[in-house]
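Inside the fold
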Amino acid sequence: MGRPQTIGSQAKPQLWDFPGGLHLPEHKIDAPIRSMPLPKTLVFPLAQHIGAPAKPVVEVGDKVLRGQVIAEADGYVSTPVHASTSGKVIAIEERPVAHPSGLSARCIVLASDGRDKAAPGRTVEDFKALELVELRNIVRDAGVVGLGGAAFPSFIKLNPGSARIDTLVLNGAECEPYIACDQAVMAEEPADIVRGAQLIMHAVGARQTIIGIEDNKPRGIAALRKAIGEQQASNVRVVVVPSRYPQGGEKQLIQTLTGREIPSEGLPLDIGIVCHNVATASAVWRAVVYGEPLTERVITVTGPGIKTPSNLRVRLGTPVEDLVAAAGGLAEQGARLVMGGPMMGFALPNARVPAVKATNCILALRQADVRPEEPAMPCIRCGACAEVCPAGLLPQQLYWHARAGEFDKTQNYNLFDCIECGCCAQVCPSHIPLVQHYRFAKTEIWAEEREKRKADAARERHEFRNARLERIDAEKKAARAAKKAALQAKKAGGDPVGDAIAKAKAAKQAAPESDSKATDDPIAAAKAKAQARKAQKAQAEGAVPSAAAAQEAPKDDPVAAALAKAKAAKAAKQSDDKPDSDA
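So, here's what we can say about the structure. (Residues numbered from 1 in each chain as written. Predicted model: local features only at pLDDT ≥ 70, side-chain atom pairs only at ≥ 80, totals over all residues. Heavy atoms only, no water.)

Here we take up a nonpolar patch on the surface. Together, Ile50, Tyr76 and Val77 make up an exposed nonpolar region whose accessible area comes to about 250 Å². Relative to the assigned elements, isoleucine 50 resides in the loop between β4 (41–45) and β5 (55–56). (Patch = residues over 30% accessible without salt bridge, like charges linked within 9 Å, V, L, I, M, F, W, Y side chains within 5 Å. Areas by Shrake-Rupley, 256 points an atom, 1.4 Å probe, with all protein chains shown as cover. Salt bridge = Lys/Arg side-chain N within 4 Å of Asp/Glu carboxyl O. Helix = DSSP H or I, 4+ residues; strand = E, 2+ residues; numbered from the N terminus.)

Written as C-alpha cells, this is what we have:
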C-alpha cells in the first residue's frame, strides 16, 4: 500500500506512496488558452475513442451544422462524432490518422463554410431533476470521452452498476513532461470543473471528490481552491501531490490520494472509486447543462522545435499542420512531430493527420533533441527496470517470456497490469525497447482470445444445431407413437370398418399359397365359374352321373366333379334314346 507521506509542514491530508517512478525534467509552459481560427478543411476519423468506430450518417454533398451528428455510435462501447463547424461533406474515405501504426482509417472530410452556424441544442437548468439513465444518455450523445489521453467513453464510468462508490477522483496531475493543457483548463475554467464534479458525484452516488494536482501547477491549484470556496462545495477538495512520473497514472494517483490499491487487472470500481480527468469533468458539465457536444478541446503545442509554445483551443478534425502554424511554426525544418508526451507519445507519419479527442499535446523535437536509436544489446539482469516500475512488476521476466512467445507466462507475471509508462525502457542500459515487447505480447494475447471466442461461438452454434435436429427427430417419433396409440385405442373401441379391414388382411395372410394363386389367375377363375354353372344346369335337368364317373372324379376338385357329372348325364340320355336290339 506504500508509506504515508506529507507535504512540507502540512500534516493533512495524508498521502501514500507508490513504488518506482522517475523524476524527469518538466519543460512545462504556463501559457493562457488561445482559440484557433476556423480551418478550411476538417477530417474526422470514425475511431476517436476506445471501442467500436462510429458509423457515418451523412453522405458526400450533405450540408451540416456545428454540433450535428455525422457518425453515430455503433455498439455500447462507442460514441458519436459531431461536426466541429458548419460546412459541406466532401468525402468519406481512407485518410492517414494519428496512430502508432501509421496506417490510414475511414474518415469524414468536411469543408468549412466559414459561418460556424450551430445546430439547435437542449439546455438543462437542474441536472438533479433528470433520471440517471437520461443523464448518462445525454453524455453519450454528446460524444464525451476521457480527455486525459485514454479516450474511454465517459458515460460508461457514470454507470457504476451494483458497485458502491464513495469517492470521485479528478486527475489533474498531468505528470508527463511538456504537456500543460490540463493546467491551463484548471487555471482558466475552474468553476466548470467543480460543477462537473458535483454532477458526476450525483450520477455515481459518491459522497466526496478529491482533485489530485502535482505541486508544479500553482496557478491551477489556486484557481480551483478559489472556485470551491465561491461555490461552497464542501465535499470537493484539492490535494497537492509530489511531482513524479507517472503520478498521473490512474492507479498511482488513487494509491497516492487514498492508500487503496486497485487489484490486479481490476478497476477503481472494485475499491469504491471512480476516476475522471479534470477536463473531462468540465466537458460533462457543459454537455448536460448547455447541450454542447464534444467538438473542441485544449491542446498543448510545444517542444524545442516550436517557435511559440502555446495552449490552443482547437476544433476537432483540425490538421496538425494548422496547429503548428498557429504556434508560430517549426523552429527547424525536419523536426519530428509527436502526438502526446516524450514518454508515452508516438511519432506522427506527417503533419496532415487531424487532431482528435485523445490529442492532448503536439510535441516538436529537433534532431538534436531526439535520442539516437542504439541497437539493443542482451539483457544483463541489472534490475534497474524493476526498481522504477510503478506497478511493482518484473519487467525483465516479462521481456524474456514475451520475446520467447510464452504469452501464458507473461500473464502469470501480470502483464496487463503494465501501464506502458516507459520507465523501464528509459533506464535500461542495454537500450532494449521493453514497452514494444509488452505491447506485442498484449496484442498477441488479445488475438488469441478473439480466435478462441470465435471457435467457442462456432462450437456453440454446432451444438445448438445438433440439439435442434435431435429435438425435431424426437418430436416426429413422439407424433408417430401417438398416432399408433390412437389407432389402437380406436380399434379397441369397436370400429366395424376397421374390424372388417383387419379381418380381410388376416384372411389374406392365412390363405394357402395354391388358393392365392388360383384366385389371382383370372382365366382359371372364369373356367371354374363356367363349369360350375354347367354342372348346376345338368343337376336341374335330373341328370345323375354314373357311379364310375363319380368315383373317378376327385372329391376335392369341384371343377373335375362338375365335369364328371355332366358327362354322366349325357351318357344316360344317349342310352335312353337308343332302340332296344332285342325287340
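Still to come is the rest of the account.
The subject of this paragraph is the sheet that holds strand β10 (residues 104–112). Spatially, the 4 strands line up as an open sheet ordered β4-β10-β9-β6, and their pairing is antiparallel. Of all the strands in the sheet, just β4 and β6 (63–64) have a single pairing partner and so form its edges. As paired elements, β6 and strand β9 (residues 87–96) share 2 bridges and run antiparallel to each other. Residue pairing in the sheet places lysine 63 in a bridge with lysine 88 of β9. (Pairing = 2+ DSSP bridges.)

A few words now on unusual backbone geometry. With an omega of 0°, the peptide bond running from tyrosine 245 to proline 246 counts as cis. Tracing the chain through its elements places proline 246 in the loop between β13 (236–241) and α6 (250–258). Positive phi, close to 80°, is recorded for tyrosine 178, a residue that is not glycine. The residue tyrosine 178 is located in the loop between β11 (167–172) and α3 (181–188) in this model.

Turning next to the side chain of threonine 302. Within the fold, threonine 302 resides in strand β15 (residues 296–302). Look past the residues within four positions of threonine 302 in its chain and what remains in contact with it is Ile29, Tyr178, Pro309, Cys361, Ile362, Leu363 and Ala364. (Contact = heavy atoms within 4.5 Å.)

Below, the discussion takes up the state of the cysteines. Evaluated as defined, the whole model comprises 0 disulfides. The closest cysteine sulfur to the non-disulfide-bonded cysteine 385 is located on cysteine 382, 6.2 Å from its own sulfur. For cysteine 385, a relative accessible area of 10% translates into the label buried. For the unlinked cysteine cysteine 428, the closest cysteine sulfur is that of cysteine 382, found at 6.5 Å. (Disulfide = S-S within 2.5 Å. Buried < 20%, exposed > 50% of the residue type's maximum accessible area, 1.4 Å probe, protein only.)

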